[in-house]
Amino acid sequence: MTKCFEFEKCSASEVSSTLIREMVDSYFTSLDQTDETFNQISESRPSLEDLRHSIETNNYFLFVATENSSQIPAGLIGLHLSYSTFSGCQSYIADLFVVPKFRGAKLGEQLIRFALKQMNDLYNCTNFVLFSGGNSVKYFKKLEAENVTEVEEFEHFVMPETHFSKIQMT
């Protein structure tokens, strides 16, 4: 039986809803259990207030999927926009999560397709970038995402806030 899902862009006022709280909590629980890299670079979890502020200021766009028949939270995708003189508008896939019981229904692909269409329609953004590690590398390879790390010799660095004090300001 094919599962049907509804997709929507979340507003800042919806962040405190039970649906979003459950989805974000489920996502963090999954990261705690499966993503060693994330846990090494993340010293703290953002709060729901941080999420609300980022959505309110258009720094982060959150799209959620719910199962049609029950309105049970099924997945989320979070993106943010960047502009580069090198490549123009870029939409970064920052978060992609599908609740385990909905995996295998191609919901991740549907979330990506829905969110990227929205970003293209709203901001004429046709360049999409993602950073991937752990289990998600296999997933994005399966979707035929191009790994430009080797082609363009880009590397991705993360500098936790605790390291800011090591940078000398002149």
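Structural data are supplied above this passage.
Residues numbered from 1 in each chain as written. Predicted model: local features only at pLDDT ≥ 70, side-chain atom pairs only at ≥ 80, totals over all residues. Heavy atoms only, no water.

Draft legend 1. Up close: the overall build of the protein chain. Tallying secondary structure elements over the protein chain gives 6 helices and 5 strands in all. For the protein chain, the α and β elements follow one another from N to C terminus as β-α-α-α-β-β-β-α-β-α-α. Each of the 170 residues in the protein chain was classed as buried or not, and the buried ones make up 31%. Sequence separation of at least 24 residues holds for 60% of the intrachain contacts in the protein chain that already meet a minimum separation of 6. Summed over its atoms, the accessible surface of the protein chain is roughly 11,300 Å², and 51% of this surface lies on carbon and sulfur atoms. (Helix = DSSP H or I, 4+ residues; strand = E, 2+ residues; numbered from the N terminus. Buried < 20%, exposed > 50% of the residue type's maximum accessible area, 1.4 Å probe, protein only. Contact = heavy atoms within 4.5 Å. Areas by Shrake-Rupley, 256 points an atom, 1.4 Å probe, with all protein chains shown as cover.)

Draft legend 2. Representation of the sheet that holds strand E5 (residues 127-130). Spatial strand order, E1-E2-E3-E4-E5: 5 strands in an open sheet with mixed pairing. Lying at the two open borders of the sheet, with one neighbouring strand each, are strand E1 (5-9) and E5. Adjacent strand axes in the sheet meet at a mean angle of 25° when their direction is disregarded. Looking at chain direction, strand E4 (residues 88-98) and E5 are connected through 4 bridges and run parallel. (Pairing = 2+ DSSP bridges. Axes fitted to C-alpha atoms, helices over the stretch in contact; angles between N-to-C directions.)

Draft legend 3. Focus on the packing of aromatic side chains. Under the counting rule described, the total for this entry stands at 5 aromatic pairs. Ring centres of phenylalanine 7 and phenylalanine 114 lie 5.4 Å apart, and the angle between their planes is 25°; on these two criteria the pair is classed as stacked. Taken together, the residues span a long stretch of sequence, with phenylalanine 7 in strand E1 and phenylalanine 114 in helix H4 (residues 107-123) at a distance of 107 residues. (Phe/Tyr/Trp six-rings, centres within 6.5 Å; stacked < 30°, edge-to-face > 60°.)

Draft legend 4. Here's a closer look at H4. End to end, H4 covers 24 Å across 17 residues, agreeing with the expected 24 Å (1.5 Å per residue, within 8%). When H4 is considered as a whole, its buried residues turn out to be Leu107, Gly108, Glu109, Leu111, Ile112, Ala115, Leu116 and Met119. Tucked into the core, H4 has its buried residues touching E1, strand E2 (61-67), strand E3 (73-84), E4, E5 and helix H5 (135-142). Asparagine 124 sits one or two residues past H4 and shows a positive phi near 55°. (Expected span 1.5 Å × (residues − 1).)

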